[in-house]
Amino acid sequence: MAELLAPAGDIEAGYAALYYGADAVYLGLKQFSARATAANFDETQLNEFAGYAHSLGRKVYAAVNTVAQQNELPQLLQTLDICARCHADGLIVQDLGVARIVREAYPQLELHASTQMAVHNKEGALTLQKLGFRRVVLARELTLAEIKDIAAVPGLETEAFVHGALCYSYSGLCLFSSMENGRSANRGKCLYPCRAEFEGEDGAAHYFSMKDMALEADILKLPVTSLKIEGRKKTALYVAAVTDYYRRILDGRDTTGRAENIRQIFSRPWCKFHLNGRQKDVTDREFVGHRGLLCGKIERLGHKSIIFKTKYAIGRHDGIQIDVPGEEKPFGFAVLSLSVNGKNSFEAAAGSRVEISLPARTPELTAGLNVYLASSSAVKGAYDYTKPKSGAFCQKIPVNVRVQIDADKIVAEAAGVRAEIGGQFEKAQNADKMADTVRQAFAKCGDALVMPAQTETDNPQGRFVPMSLLNELRRQLYTRIKPEYHTPELPAIASMKRPQAPQWLLRTDNIDCLAQIDLAETAEIIVLLDEHFDSARLQLLPKNKVRLALPTVCRNVSAWRPLIEELLAQGWHKWEIGNYWGREVLPEQGIDLSLDAPLYMFNTQAIAMAADFGAQRITLPTEDTLANLRQTAAASPLPVVFDVFGDVPLFISAACIRGNACKNCTRGEKWLTLRKEGHVYRALSKNCQTMLFDDMPFCAASEAVEIGVDYLRVSFNFRPYSAEYACKVWNSVRQFKDLEHVSKGNLHRSAL
């Protein structure tokens, strides 16, 4: 049976998850967690919680799943140290730099590839397996057939999300919050701008606000190692209810009323996402946030009250929400006055016709509006759980203890520390029992950080020591022992010498837009391919300067293989990839491989890991700060590229933004304009995929000299650039001059 994996944003949620049947719990620490705003765990909590989980035969996985900037690597080592000391069963990571440090310095920690690594096909999973990952957390967007394909990889564990919040973008491929607000999802700080209301083709709507995933009994179809519940920012009550529900499904037990409890505690509308094939109805354009459990519709309005027949029991002080047309969120209030059949009541049974008083400030309501039970005292009381006494399962450091008993003193030594108590100690009536008494005394660890691995007693004169003095000696000894942690050094990296002046690169998905540019001025032309690319078009370019780029997302690798094999056979040996799948479909030898920005080289350890799997060059992240770009480039062991101009995808999504039905869709390229608070965005819908762009391209021409890279790149991708405009951009940027109306992203922000 698959492992049921539950979230814990704090230790209470963790205890609730274990009580209600989770086989494993995943959690974050105070730093480097993709849920930075959750409470998360400190070392003491992780130590104790992992000890308790292990006593039950359960597992604990630590999420160190954000990207780390160069100056954070020493702090990262401290976090990894904590995970190792607390015996985490697995480490969930996104950053290749984190993976390299773990592989070299903490080989006892099992590597799990975070869903932030955007693994959406078997080839991506195979690449990560070769890099030392034991488990891959799959992209949420996958269909059952795709999940089965990846789960069949020998020796690889797979983990799939089965319940919880969904992102409109593939996880790890969203820069929306970062580029617009300076709060990076790749750093655990997302502000969820996708949930906002935009003006678009279909009017004002929440075009990107996703429903929640709820696979329910369909989890039984999944051939994965682990079934993952999302929710590290949710309450212990929510975690308890969801874990209990899916535990019951797995065990074949009754689930009556359990799904309704989850909806009442927290949920958006539910969907299966793309499990059974691509689905259109996965967003909720009208409302955002928690609604609750639909319990009825307003039948009529009374005097400052609503009257309806409730499908579920309601009590005083429960929370009610009502969908109000034109409002982003439902209108909510607490039930302070409740009557059934005209009589005041503290509670109303399911099926009752109730009248509930409205608060003073109530929006205009009409008959027919949906009424939701958003908070229920009865449900809150239905998920009690037990937890251990504080400190009872603290994992302690084993030490060897030696106790010497003399006529005038007793001495205890361990870990280089000594404690002594003087006195007059008489001969023991039964000296043989003293060794057992000493062992019993020193086995009482209490709140101490240590425990005896071995206890040796040296009592040559057969003296007697009362248990009270042995206990005091133990307390003195254990209190003085301060564990010494020897944090390893960062794995060594040999940085390379940077050139005096950077060379210039061009990147495009439309060769025609380069017609007015003098290609002698560029060291390389990178052509972004699509699966219908005509290789004859490459004859328009100087072959020695061409590099071919594979797209970041590929849901049908088999459709790409003929084109890739054709181009390899023609002698094209320079390639660029933006996702791990690209490494697997290209030969291990005989190619010049460059990594694009979506592989997130935020630090030199990540770049060194890239070199380990054959990269000859990397591209720095567009969302990074100027300070970290400079620092990383200066110490890089590989040649470095940075984009000085281009349209940065704010996200890439498997959800479709178009309002039309799928059967009437041509699936060709369509651009849509969206507006929010005066800001303009452009959405590209093509082949059932949506990409969002800022109306203003990213431009770092005036900062380019400061970064100190080997190559500066100008990109004309995704939008229909004319040859005239492309030439204008090229000439301006080559002189380190910005264009008008451009975005600077996070270049001048002090932190990301």
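See above for the structure.
Summarised in this report is the structure supplied together with it. (Residues numbered from 1 in each chain as written. Predicted model: local features only at pLDDT ≥ 70, side-chain atom pairs only at ≥ 80, totals over all residues. Heavy atoms only, no water.)

Broken down by element type, the protein carries 18 helices and 40 strands. The 752 residues of the protein split such that 58% are buried. Put simply, of all contacts in the protein between residues at least 6 apart along the chain, 70% involve residues at least 24 apart. Carbon together with sulfur atoms contributes 48% to the accessible area of the protein, which is approximately 30500 Å² in total. (Helix = DSSP H or I, 4+ residues; strand = E, 2+ residues; numbered from the N terminus. Buried < 20%, exposed > 50% of the residue type's maximum accessible area, 1.4 Å probe, protein only. Contact = heavy atoms within 4.5 Å. Areas by Shrake-Rupley, 256 points an atom, 1.4 Å probe, with all protein chains shown as cover.)

On to the side chain of T283, then. With respect to the secondary-structure elements, T283 resides in the loop between β12 (270–271) and β13 (293–297). You can call T283 buried: its relative accessible area is 15%.

Its volume calculated, the second largest pocket comes out at about 710 Å³. Looking at the lining of the second largest pocket residue by residue, the classes come out as 18 nonpolar, nine polar and ten charged. (1 Å grid on protein atoms, 1.4 Å probe; cavity = no way out; pocket = protein on both sides within 12 Å on 5 of 7 lines; lining within 4 Å. Points joined across faces, edges and corners; volume = space filled by probe spheres on them. Nonpolar A, V, L, I, M, F, W, Y, C, P; charged D, E, K, R; others polar.)

Looking now at the packing of helix α4 (residues 96–105) against helix α15 (residues 604–612). Contact geometry of α4 with α15 gives a least axis separation of 7 Å together with a crossing angle of 75°. It follows from the interaxial angle that α4 and α15 lie roughly perpendicular. Residues L96, G97, A99, R100, I101 and R103 of α4 pack against Q605, A606, A608, M609 and D612 of α15. (Axes fitted to C-alpha atoms, helices over the stretch in contact; angles between N-to-C directions. Parallel < 35°, antiparallel > 145°, perpendicular 65-115°, else oblique.)

This part takes up helix α11 (residues 432–442). Along an α-helix, residues three or four positions apart point the same way, because every turn accommodates 3.6 residues. When α11 is considered as a whole, its buried residues turn out to be M434, T437, V438, A441 and F442. The arc enclosing the buried residues of α11, seen along the axis, measures out at 120°, which places them on a common side. Seen from the buried face of α11, the exposed residues on the opposite side, beyond 90 degrees, are D432 and K433. Elements that come into contact with the buried residues of α11 comprise β24 (397–405), β25 (409–414), β27 (450–458) and α12 (467–480). (Arc of directions from axis to C-beta.)

Moving on to the pairing of strand β32 (residues 592–595). Inspection of the sheet shows strand β31 (residues 574–577) paired to β32 by four bridges, in the parallel sense. Bridging from a neighbouring strand, E576 pairs with S594 of β32. In terms of strand pairing, β32 meets strand β33 (residues 615–619) through three bridges, oriented parallel. Residue S594 lies in a different strand from β33, and its bridge partner there is R617. Traced from β32 through α15 to β33, the parallel crossover comes out right-handed. (Pairing = 2+ DSSP bridges. Right-handed = clockwise from strand over helix to strand, strands pointing away.)

Here the focus is a negative patch on the surface. A surface patch of negative charge is lined by E197, E199, E327 and E328. Inspection of the secondary structure puts E327 in the loop between β17 (319–322) and β18 (331–334). Look at E327 and you get partly exposed, because its relative accessible area is 44%. (Patch = residues over 30% accessible without salt bridge, like charges linked within 9 Å, V, L, I, M, F, W, Y side chains within 5 Å. Salt bridge = Lys/Arg side-chain N within 4 Å of Asp/Glu carboxyl O. Lys, Arg positive; Asp, Glu negative; His and termini not counted. Charge placed at Lys NZ, Arg CZ, Asp CG, Glu CD.)

The subject of this paragraph is unusual backbone geometry. Where the residue is not glycine, phi is negative for most of them; where a peptide bond is considered, it is trans in most cases. For K304, which is not a glycine, the phi torsion comes out positive at approximately 55°. When you line up the elements, K304 lands in the loop between β14 (300–302) and β15 (305–309). Of note in this structure, F736 is not a glycine but carries a positive phi near 60°. Relative to the assigned elements, F736 resides in the segment after α18 (723–734).

Under the counting rule described, the total for this entry stands at 60 salt bridges. For R135, the salt bridge identified is with E159, shortest N-O distance 2.7 Å. Of this pair, R135 sits in strand β6 (residues 135–137) while E159 is found in strand β7 (residues 157–164), placing the two residues 24 residues apart along the sequence. Pair check on accessibility: R135 and E159 agree, each one buried. D251 is the salt-bridge partner of R247, the closest N and O atoms lying 3.3 Å from each other. Note that R247 and D251 are positioned in helix α8 (residues 236–251) at a spacing of four residues, about one turn of the helix.

The next subject is the packing of aromatic side chains. As enumerated under the stated definition, the model contains 29 aromatic pairs in all. Judged by centre distance (6.3 Å) and plane angle (65°), the ring pair of W560 and W581 falls under edge-to-face. One end of the pair, W560, is in helix α13 (residues 557–569); the other, W581, is in helix α14 (residues 581–585), and 21 residues separate them in sequence. Using a relative accessible area of 0% as the deciding quantity, one classes W581 as buried. The structure contains a cluster of three or more aromatic residues connected by ring pairs, namely Y168, F176, F198, F208, F651 and Y681. The cationic tip of R316 hangs over the ring face of F346; the distance from NZ or CZ to the ring centre is 4.3 Å. The side chain of K543 reaches across the aromatic face of W572, ending 4.8 Å from its centre. (Phe/Tyr/Trp six-rings, centres within 6.5 Å; stacked < 30°, edge-to-face > 60°. Lys NZ or Arg CZ within 6 Å of the ring centre and 35° of its normal.)

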